[in-house]
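Summary of the model geometry
For reference, the chains in residue letters:
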Amino acid sequence: MFRVLELLGLCAPLVGAGLALYYRRRLGGAFPYAMAAAALALIGSGVAVVSDHVRWFGGDSEGIVEHMEIGSGLRNVFLIGAWVLLLVAIGRSRNSGVPQ
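Here's a quick rundown of the structure. For clarity, every value in this text was computed on a predicted model and none was experimentally measured.

**Quick word on the layout of surface pockets**
Size it by volume and the second largest pocket reaches roughly 270 Å³. Lining of the second largest pocket is provided by 14 residues; of these, E6, A48, S51, D52 and R75 occupy positions nearest its centre. Contributions of two or more residues to the lining of the second largest pocket are made by helix 1 (2–10), helix 4 (31–54) and helix 5 (61–95). Considering every element that reaches the lining of the second largest pocket, the biggest residue donor is helix 4, with six residues. Of the residues in the lining of the second largest pocket, the class split is five nonpolar, five polar and four charged.

This is the structure in structure tokens:
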């Protein structure tokens, strides 16, 4: 059951990209930022999946922990970048003059 919930969470950026495509006219100038945020979040999800499986190639416990740290750090960098782009998209959509 946990794997199903994990896979649903990893697919969340795809839902975000779908929503951005659906509302692309209302988003106006914020659309490229929203799509870039969805792409970064999707890359972050991919890094999470890959790092979960690659960590076992570390050998001893120190190598496994090192792979986990690198994977978590990369995932967090991509997700923080996605949040920043979403904040920029919010700011752009508020200033675009499109009625909400």
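**Concerning helix 4**
Taking 1.5 Å as the rise per residue, helix 4 with 24 residues should run 34 Å; its terminal C-alpha atoms sit 34 Å apart, in good agreement. Along helix 4, the residues that are buried comprise A34, A37, A38, A41, G44, S45, V47, A48 and S51.

**So, the environment of A12**
Along the chain, A12 turns up in helix 2 (residues 12–22). On the basis of relative accessible area, A12 is assigned to the partly exposed category, the value being 42%. Placed 29 residues apart in sequence, A12 and A41 show a C-alpha to C-alpha distance of 8.6 Å.

**Some remarks on the packing of aromatic side chains**
Inspection of every chain in the model, using the stated rule, returns one aromatic pair. Aromatic pair Y22 and Y23: ring centres 4.9 Å apart, planes at 90°, arrangement edge-to-face. When its relative accessible area of 39% is taken as the criterion, Y23 is described as partly exposed.

**Some points on the side chain of S45**
Looking at the secondary structure, you find S45 in helix 4. Dropping the residues within four chain positions of it, S45 is found in contact with L10 and P13.

**Focus: a nonpolar patch on the surface**
Together, M1, V4, L5 and L8 give the surface a local cluster of nonpolar side chains, amounting to about 470 Å² of exposed area. Along the chain, L8 turns up in helix 1.

Rules used in this analysis
- Residues numbered from 1 in each chain as written.
- Predicted model: local features only at pLDDT ≥ 70, side-chain atom pairs only at ≥ 80, totals over all residues.
- Heavy atoms only, no water.
- 1 Å grid on protein atoms, 1.4 Å probe; cavity = no way out; pocket = protein on both sides within 12 Å on 5 of 7 lines; lining within 4 Å.
- Points joined across faces, edges and corners; volume = space filled by probe spheres on them.
- Helix = DSSP H or I, 4+ residues; strand = E, 2+ residues; numbered from the N terminus.
- Nonpolar A, V, L, I, M, F, W, Y, C, P; charged D, E, K, R; others polar.
- Expected span 1.5 Å × (residues − 1).
- Buried < 20%, exposed > 50% of the residue type's maximum accessible area, 1.4 Å probe, protein only.
- Phe/Tyr/Trp six-rings, centres within 6.5 Å; stacked < 30°, edge-to-face > 60°.
- Contact = heavy atoms within 4.5 Å.
- Patch = residues over 30% accessible without salt bridge, like charges linked within 9 Å, V, L, I, M, F, W, Y side chains within 5 Å.
- Areas by Shrake-Rupley, 256 points an atom, 1.4 Å probe, with all protein chains shown as cover.
- Salt bridge = Lys/Arg side-chain N within 4 Å of Asp/Glu carboxyl O.

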